[in-house]
Amino acid sequence: MLKTLQTPGDTSWFTHDRFGLFLHWGLYSLPARHEWVKSREQIADGTYDDKYFKHFDPDLYDPELWAKAAADAGMKYFVITTKHHEGFCLWDSKLTDYKATNTPAGRDLLTPMVKAFRGRGLRTGFYHSLIDWHHPKYIIDGQNHPRRGELKFKDEVDGMLAQAGASGGSSPSAAKGDPNAGRNQQDYIDYLHGQVRELLTGFGDVDVLWFDFSWNSQKAREAGVDFTLGKGREAWGSEKLYKMIRELMPNIVLNDRLDLPLGDGWDVKTPEQVQPRQWVQVDGQPVVWEACQTLSGSWGYHRDEHSWRDTDELIRCLIDNVSKGGNLLLNVGPTGRGEFDERALSRLEGIGQWMRRHSRSIYGCTQAPAQFKVPTDCRLTYNPTTHRLYVHVFAYPYKHILLEGLAPQVEYAQFLHDASEVRLPDAWHNKQLGGGGDNLYIELPQMKPKGVAVPVVEIFLKR
Ligand code: GLC
């Protein structure tokens, strides 16, 4: 089995639990056309707030229902956007007025959420956006800030920054009409660190901290320019932030987007909206990883998106991740009234139906040792503690599945959903099929079991 590098965060529960719920909830659930709407449509602060801050009123919000939906789906942890790029905070931060308590919601929305999910036995994760399109001191960049259009031509700005030797945080150009005049990244850094401190001191044990995101930092560093070409560790004060996090919560599981190196910088690699081809590696080294994925394409609630993934494919996606040693963080974007919509609920329910009988092939499982060849149209997971191998049948075959090289090791096999025996053909049949030696066929019923999205054969291996 692959071994990953030991990092400071406690990833033992994380690689056991495998399946979490991502939640993107903020003002952008009102426009309901992508959480990046403020950037995409370059909406001014005033307009954004008049529409969405003033009308944010999730009157049907009941975190108990969210927690129940997640627990029933088999999810073991959740990660909530405490603040997304728009800058709006779900909790009663002492460092800003831009928070739920000052909207018609009129209350801290985070505390009851944490309580509800914990009550259902799920671990707590906080997503926190490094990017902030609302903070008045945050340096406006040419890439994604809603006010990027007010910047001079990019080359010109880059030149100015280079000339000013931009570094360390203060706004290098203060020309008249420059939207960055008076802005100072260091003030934003202080705010960011202060808010992270609030999050790690005001809500009990936090199990996951999930930052988002850095870009082009290497390029910017080489050019000696920090803030227009990219935002990375200098723009977030990442090193200092990292120290503070480890002081406050030494074992917290930290993701990889602070622009710091593996090990003393992050625990978990977080590929996004992709299905990795193999166990995720960094510099040739397998790492702890978690793919985050949406149900339909955007993270925030999107009313008109019609590209919803179907339940069976989502189940296969979870299995595929675990078969490569990874986790799945599956996203729901609750509505502006504070509910999971029907499309999300039906998927969570479907996943839950499968998980109720099959979680044994997910929890505590990982990629199977290389000696076990993956049968055609299948995925393997393996539990090193119970020494059981799980064959997930993605495309149901005509009666037989070949287990190459496994014959000497198989003690017993059964379907996982109903514990019905899966027979090992006798030597004569096995030979006729082309088995024999160490190769072994197992015999499935001719019809795919009804109502089972992905049938799983549980193989008890000899000790
Ligand atoms: C991206 C997006 C964002 C989303 C995140 C989840 O980086 O900026 O909207 O929150 O991915 O991974």
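Just so it is clear, the model here is predicted, and its values are computed rather than measured.

Calculation notes
- Residues numbered from 1 in each chain as written.
- Predicted model: local features only at pLDDT ≥ 70, side-chain atom pairs only at ≥ 80, totals over all residues.
- Heavy atoms only, no water.
- Buried < 20%, exposed > 50% of the residue type's maximum accessible area, 1.4 Å probe, protein only.
- Helix = DSSP H or I, 4+ residues; strand = E, 2+ residues; numbered from the N terminus.
- Pairing = 2+ DSSP bridges.
- Expected span 1.5 Å × (residues − 1).
- Contact = heavy atoms within 4.5 Å.
- Phe/Tyr/Trp six-rings, centres within 6.5 Å; stacked < 30°, edge-to-face > 60°.
- Lys NZ or Arg CZ within 6 Å of the ring centre and 35° of its normal.
- Axes fitted to C-alpha atoms, helices over the stretch in contact; angles between N-to-C directions.
- Near = heavy atom within 4 Å.
- Polar contact = N/O pair within 3.5 Å; in protein donor to acceptor, adjacent residues only side chain to side chain.
- Areas by Shrake-Rupley, 256 points an atom, 1.4 Å probe, with all protein chains shown as cover.
- Nonpolar A, V, L, I, M, F, W, Y, C, P; charged D, E, K, R; others polar.
- Left-handed = near helix turned anticlockwise from the far one by under 90°.
- Parallel < 35°, antiparallel > 145°, perpendicular 65-115°, else oblique.
- pLDDT = per-residue confidence, 0-100.
- Salt bridge = Lys/Arg side-chain N within 4 Å of Asp/Glu carboxyl O.

J.: I'd love a proper account of the pairing of strand S16 (residues 456–461), names of residues and values included.
T.: Here is the key point about a regular strand: its side chains alternate between the two faces of the sheet. Within S16, six of the six residues are buried, leaving the element largely enclosed by the surrounding structure. Along S16, one buried face is formed by Val456, Glu458 and Phe460 and the opposite face, lined by Val457, Ile459 and Leu461, is buried too. With five bridges connecting them, strand S12 (residues 388–393) and S16 associate as antiparallel partners. The partner of tyrosine 390 across the bridge, within S16, is glutamate 458.

J.: Hey, could you go over helix H7 (residues 185–201) for me, with residue numbers and the actual values?
T.: When the terminal C-alpha atoms of H7 are compared, their 24 Å separation across 17 residues agrees well with the 24 Å that a helix rising 1.5 Å per residue should span. Turning to H7, its buried residues are Gln185, Tyr188, Ile189, Tyr191, Leu192, His193, Gln195, Val196, Glu198, Leu199 and Leu200. For H7, the secondary structure elements touched by its buried residues are strand S2 (77–83), helix H5 (110–119), strand S3 (123–129), strand S4 (208–212), helix H9 (233–236) and helix H10 (238–248).

J.: Break down the packing of aromatic side chains for me, with residues and values.
T.: Under the counting rule described, the total for this entry stands at 28 aromatic pairs. Judged by centre distance (5.5 Å) and plane angle (90°), the ring pair of tryptophan 13 and phenylalanine 14 falls under edge-to-face. Summarising the burial analysis for this pair, tryptophan 13 and phenylalanine 14 share the class buried. An angle of 45° between the planes, with centres 6.0 Å apart, marks the rings of tyrosine 188 and tyrosine 191 as tilted. Pair noted here: tyrosine 188 and tyrosine 191 are both in helix H7, with a separation of three residues, about one helical turn. Residue class for tyrosine 191 comes out buried when judged on its relative accessible area of 8%. The structure contains a cluster of three or more aromatic residues connected by ring pairs, namely Trp25, Phe53, Phe56, Tyr61, Trp66, Phe88, Tyr98 and Phe340. Cation over ring: lysine 38 sits above tyrosine 48, and NZ or CZ is 5.2 Å from the ring centre.

J.: Lay out the sheet that holds S4 with the relevant residues and their values.
T.: Spatial ordering of the open sheet is given by S5-S4-S3-S2-S1-S10-S9-S6, a layout of eight strands whose pairing is parallel. A strand with exactly one partner marks an edge of an open sheet, and here the two such strands are strand S5 (253–254) and strand S6 (268–269). Along the sheet face, H7 touches S2, S3 and S4 and points at about 170° away from the line of S3.

J.: For the site of the ligand, give the residues involved together with the corresponding values.
T.: Inspection of the region around the ligand gives 14 residues, with His24, Glu35, His84, His85 and Glu272 positioned closest. In this structure, an oxygen atom belonging to the ligand sits 3.3 Å away from a side-chain N or O atom of arginine 257. Coverage of the ligand by the protein amounts to 95% of the 310 Å² it exposes when considered alone. Counted by class, the shell around the ligand contains seven nonpolar, three polar and four charged residues.

J.: Kindly report on the pairing of strand S13 (residues 400–403), identifying the contributing residues and their values.
T.: Residues Ile401 and Leu403 point to one face of S13 and are all buried, whereas His400 and Leu402, pointing to the other face, are not buried. In terms of strand pairing, S13 meets strand S15 (residues 440–443) through four bridges, oriented antiparallel. When the sheet's bridge partners are listed, leucine 402 is paired in S15 with tyrosine 441.

J.: Summarise the packing of helix H4 (residues 63–72) against H5; cite the residues concerned and give the values.
T.: Where H4 contacts H5, the two axes come as close as 8 Å, and the packing angle between them is 35°. At the point where H4 passes H5, the crossing takes the right-handed sense. Across the interface between the two elements, Pro63, Glu64, Trp66, Ala67 and Ala70 of H4 pack against Pro112, Met113, Ala116 and Phe117 of H5. Partitioned by chemical class, the residues of the contact of H4 with H5 number eight nonpolar, no polar and one charged.

J.: Would you mind going over the packing of H7 against H10 in detail, with residue names and values included?
T.: Helix-helix packing is described using two parameters, namely the angle between the two axes and the distance between the axes. Put simply, H7 and H10 touch, their axes get as near as 11 Å, and they point 15° apart. Between H7 and H10, the angle falls in the class roughly parallel. Two packed elements cross with a definite hand, and for H7 against H10 that hand is right-handed. Packed against H7, whose contacting residues are Leu192, His193, Val196, Arg197, Leu200 and Thr201, the element H10 presents Lys240, Leu241, Met244, Ile245 and Leu248 at the interface. For the contact of H7 with H10, the residue count by class is seven nonpolar, two polar and two charged.

J.: With reference to specific residues and values, describe the confidence of the model for the protein.
T.: The predicted model of the protein has a mean per-residue pLDDT of 93, with 92% of residues at 70 or higher. Here residues 165–176 is a poorly scored stretch, pLDDT under 50, and it has 29 contacts once near neighbours within four places are set aside; other chains count.

J.: Lay out the sheet that holds S16 in plain terms, naming residues and giving numbers.
T.: Across the sheet, four strands lie side by side as S11-S12-S16-S14; this open sheet has antiparallel pairing. Each of the sheet's edge strands pairs with one partner strand only, and the pair in question is strand S11 (378–383) and strand S14 (410–415). Strand-to-strand, the axes of this sheet are offset by a mean angle of 20°, without reference to chain direction. As paired strands, S11 and S12 are joined by six bridges and run antiparallel to one another. Bridging from a neighbouring strand, cysteine 378 pairs with valine 393 of S12. Contacts from helix H11 (residues 311–323) reach S11 and S12 within the one sheet, and its direction differs from that of S11 by about 55°.

J.: For the pattern of salt bridges, give the residues involved together with the corresponding values.
T.: Evaluation of the coordinates by the stated rule reveals 24 salt bridges. Between lysine 68 and aspartate 72 there is a salt bridge whose closest N-O contact spans 2.6 Å. Here aspartate 72 and lysine 68 lie together in helix H4, a separation of four residues that amounts to about one turn. A relative accessible area of 44% places aspartate 72 in the partly exposed class.

J.: Give a detailed account of unusual backbone geometry, specifying residues and quantitative values.
T.: Cis geometry marks the peptide bond from aspartate 212 to phenylalanine 213; its omega dihedral reads -20°. We note that arginine 18 has phi near 65°; this positive angle belongs to a residue other than glycine. Secondary-structure assignment places arginine 18 in the loop between helix H1 (12–17) and strand S1 (19–23). Not every positive phi belongs to a glycine, and histidine 387 is a case in point at roughly 60°. With respect to the helices, strands and loops of the structure, histidine 387 is situated in the loop between S11 and S12.

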